[in-house]
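# Structural description and commentary
For reference, the chains in residue letters:
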Amino acid sequence: MFNRQIVWITGASSGIGEALALEFAAQGARLILSARGEDALQLVKAKCDAISDNDSNLVLPMDITDEASLANRVELAKAWGGRIDMLINNAGITQRSSCLNTDMATYRTIFEVDVFGQIALTKAVLPGMIEQGSGHLAVTSSISGKIGVPFRTGYCAAKHAMMGFFDALRTEVDHQNIKITTIIPGYIRTPISANALSGDGSAYGREDTEIRGGMDVSECAKVIVKGFKSRKPEISVGKGFEMNALWIKRYFPNWLLKIAARQYAKMAKNNDLI
Ligand SMILES: NC(=O)c1ccc[n+]([C@@H]2O[C@H](COP(=O)([O-])OP(=O)(O)OC[C@H]3O[C@@H](n4cnc5c(N)ncnc54)[C@H](OP(=O)(O)O)[C@@H]3O)[C@@H](O)[C@H]2O)c1
């Protein structure tokens, strides 16, 4: 299904993006790999090239927050592949800080990466997909895009925003043969918490126990690609209690609010707040 398809993955230098690249390479896709870190992207490309039967992947470094550069990135992507069949808006950054301890500048940084960057790139790619008469746009949201989680007020706000944006966009472009998929990972074992921002915008630099105990990232990528194949509009992926929280939120929302508040109160009592 993905053989020779041009799949552009942002945040491809590590974690879920890297694992998706490897999974798509195994399915015969031609990949455009983007993130800021070019060296890390070259390593991912080398792994993908080793899986693909030819040198069919491109490293296209970019900072998703540099809106002025995105049109040029899209041109370079199209010049290389001729078209873009799929864009996976996967680049992202999270936080570990309570609202009271989070600077406004940190909230703005999270929104620049997790919201405005994704919207800007999607807007830059969409006209080409409409012109070619098909396309697939995906975004890596999160359980935090469905549920409020302590110490992630900005991240939750950003991921909820992306759920709304892409659900609304689906209503506009479905008749033009443009598919939209929102991905809802639970805890997945990646460097995400080490790369998280503290309240003052500095690196958090630690691995959470939930992330350490999360789903293996290759397994996560397999579930996501299987979901794409089944044309699911929403793909949930994870293995812990947080996945149950999705249906608890739907059917017993008040109960879930109580559980989350109790969890926070317990951390406050243990003086375990960030
Ligand atoms: N791991 C989880 O438990 C989990 C759960 C739910 C959702 N997610 C979501 O999954 C996505 C991938 O996260 P991950 O877990 O794989 O974490 P990760 O390993 O930290 O990956 C984040 C990726 O985003 C890129 N990135 C960050 N800022 C960027 C920017 N300004 N411009 C371009 N690229 C940027 C990073 O590369 P550079 O630093 O080189 O730019 C990296 O490739 C994120 O959207 C995250 O919110 C993860």
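Every chain is numbered on its own, with residues counted from 1 as its sequence reads. Residues qualify for local features only when their pLDDT is at least 70, as the model is predicted, and side-chain atom pairs are given and counted only at 80 or more; totals for whole chains, interfaces and linings, by contrast, use all residues. Excluding hydrogens and water, the side-chain figures rest on all heavy atoms present in the structure.

### Quick look at a nonpolar patch on the surface
Taken together, the side chains of W247, Y251, F252 and W255 make up a nonpolar region of the molecular surface, amounting to roughly 500 Å² of accessible area. Topologically, W255 is positioned in helix α9 (residues 253-269). Accessibility here uses a 1.4 Å probe with only protein chains present; expressed as a share of the type maximum, an area under 20% marks a residue as buried, one over 50% as exposed, and anything in between as partly exposed. Residue class for W255 comes out partly exposed when judged on its relative accessible area of 45%. Without a salt bridge and with relative accessible area above 30%, a residue can belong to a patch; like charges are then joined within 9 Å and nonpolar side chains (Val, Leu, Ile, Met, Phe, Trp, Tyr) within 5 Å. The Shrake-Rupley method, run with a 1.4 Å probe, gives the accessible areas here. Residue values count only the displayed protein chains as cover. For salt bridges, the criterion is a side-chain nitrogen of Lys or Arg within 4 Å of an Asp or Glu carboxyl oxygen. For the purposes of this entry, the term helix denotes a DSSP run of H or I that reaches at least four residues, the term strand denotes a run of E that reaches at least two, and both are numbered from the N terminus.

### Regarding helix α1 (residues 15-26)
Under the 1.5 Å per step criterion, the end-to-end length of α1 is 17 Å for 12 residues, consistent within 8% with the ideal 16 Å. Looking at the buried residues of α1, the elements they touch are β1 (6-10), β2 (30-34), α2 (38-51), β4 (86-89), β6 (178-185) and α7 (217-229). Backbone geometry just downstream of α1 places G28 in the positive-phi region, at approximately 90 degrees. To estimate how far a helix should reach, multiply one less than its number of residues by 1.5 Å. In what follows, residue pairs with any heavy atoms lying within 4.5 Å of each other are defined as contacts.

### Some remarks on the environment of A77
Mapped onto the elements, A77 comes out in helix α3 (residues 70-81). With a relative accessible area of 0%, A77 lands in the buried category. The sequence separation of A77 and L58 amounts to 19 residues, and the corresponding C-alpha distance is 8.3 Å. Sequence-distant contacts of A77, that is, excluding residues within four places in its chain, are made with W8, I32, L60, G82 and I84.

### Details of the layout of surface pockets
The volume enclosed by the second largest pocket comes to roughly 260 Å³. Looking at the lining of the second largest pocket residue by residue, the classes come out as four nonpolar, five polar and four charged. Buriedness of a pocket was judged along seven lines, with at least five required to meet protein on both sides within 12 Å; pockets are open sets of points on a 1 Å grid over the protein atoms alone, cavities are sets where a 1.4 Å probe fits but cannot get out, and lining residues have an atom within 4 Å of a point. Grid points are joined across faces, edges and corners, and a volume is the space filled by probe spheres set on the points. Put simply, Ala, Val, Leu, Ile, Met, Phe, Trp, Tyr, Cys and Pro go in the nonpolar bin, Asp, Glu, Lys and Arg in the charged bin, and everything else, Gly too, in the polar bin.

### Comments concerning the environment of I16
Inspection of the secondary structure assignment puts I16 in helix α1. Its relative accessible area of 14% is what places I16 among the buried residues. What I16 contacts, discounting residues up to four positions off in sequence, is N90, P185, I188, T190, V217, C220 and I224.

### A closer look at the packing of α1 against α2
When two helices pack together, their arrangement is given by the angle between the helix axes and by the axis-to-axis distance. Relative to each other, α1 and α2 sit at 20 degrees, their axes nearing to 8 Å. As summarised for this structure, α1 and α2 are arranged roughly parallel, according to the angle between their axes. The handedness of the crossing between α1 and α2 is right-handed. Side by side, α1 and α2 meet where E18, A21, L22, A25 and A26 of the first sit next to V44, K47, C48 and I51 of the second. Considered class by class, the residues forming the contact of α1 with α2 number seven nonpolar, no polar and two charged. Each axis is a line fitted through C-alpha atoms, taken for helices only over the stretch in contact, and angles between the N-to-C directions span 0 to 180 degrees. When describing relative orientation, an angle under 35 degrees is termed roughly parallel and one over 145 degrees roughly antiparallel, while 65 to 115 degrees is termed roughly perpendicular and anything else oblique. Handedness of a crossing follows from how the near helix is turned relative to the far one, being left-handed for an anticlockwise turn of less than a right angle and right-handed for a clockwise one.

### Quick notes on the packing of aromatic side chains
Only the six-membered ring of Trp is used, alongside the rings of Phe and Tyr, when aromatic pairs are assigned; centres must lie within 6.5 Å, and planes under 30 degrees apart are stacked while those over 60 apart are edge-to-face, with the rest tilted. For the structure shown, the criterion picks out five aromatic pairs. Ring geometry for F165 against F166: centres 5.0 Å apart, planes inclined by 80 degrees, an arrangement best described as edge-to-face. Using a relative accessible area of 23% as the deciding quantity, one classes F165 as partly exposed. With 6.2 Å between their ring centres and 85 degrees between their planes, F252 and W255 make a pair best called edge-to-face. Residue F252 is classed as partly exposed on the basis of its relative accessible area of 43%. The rings of F2, F24 and F228 are connected pair by pair, giving a single aromatic cluster. One residue, R30, lies across the ring of W80, its end atom 4.5 Å from the ring centre. For a ring to carry a charge above it, either NZ of a lysine or CZ of an arginine must fall within 6 Å of the ring centroid while also lying within 35 degrees of the normal to the ring plane.

### Structural notes on the pairing of β1
Extensive coverage of β1 is indicated by the burial of five of its five residues. Here β1 shows no split at all, with I6, W8 and T10 on one side and V7 and I9 on the other all buried. Between any two strands, at least two bridges found by DSSP are needed for them to pair. With five bridges connecting them, β1 and β2 associate as parallel partners. Note on β2: the bridge partner recorded for W8 is I32. Convention used here: a crossover is right-handed provided that the path from the first strand, over the helix, to the second strand proceeds clockwise when the strands point away from the viewer. Traced from β1 through α1 to β2, the parallel crossover comes out right-handed. For β1 and β4, the ladder comprises three bridges, and the chain directions are parallel. Each bridged residue has a counterpart across the sheet, and for W8 the counterpart in β4 is L87.

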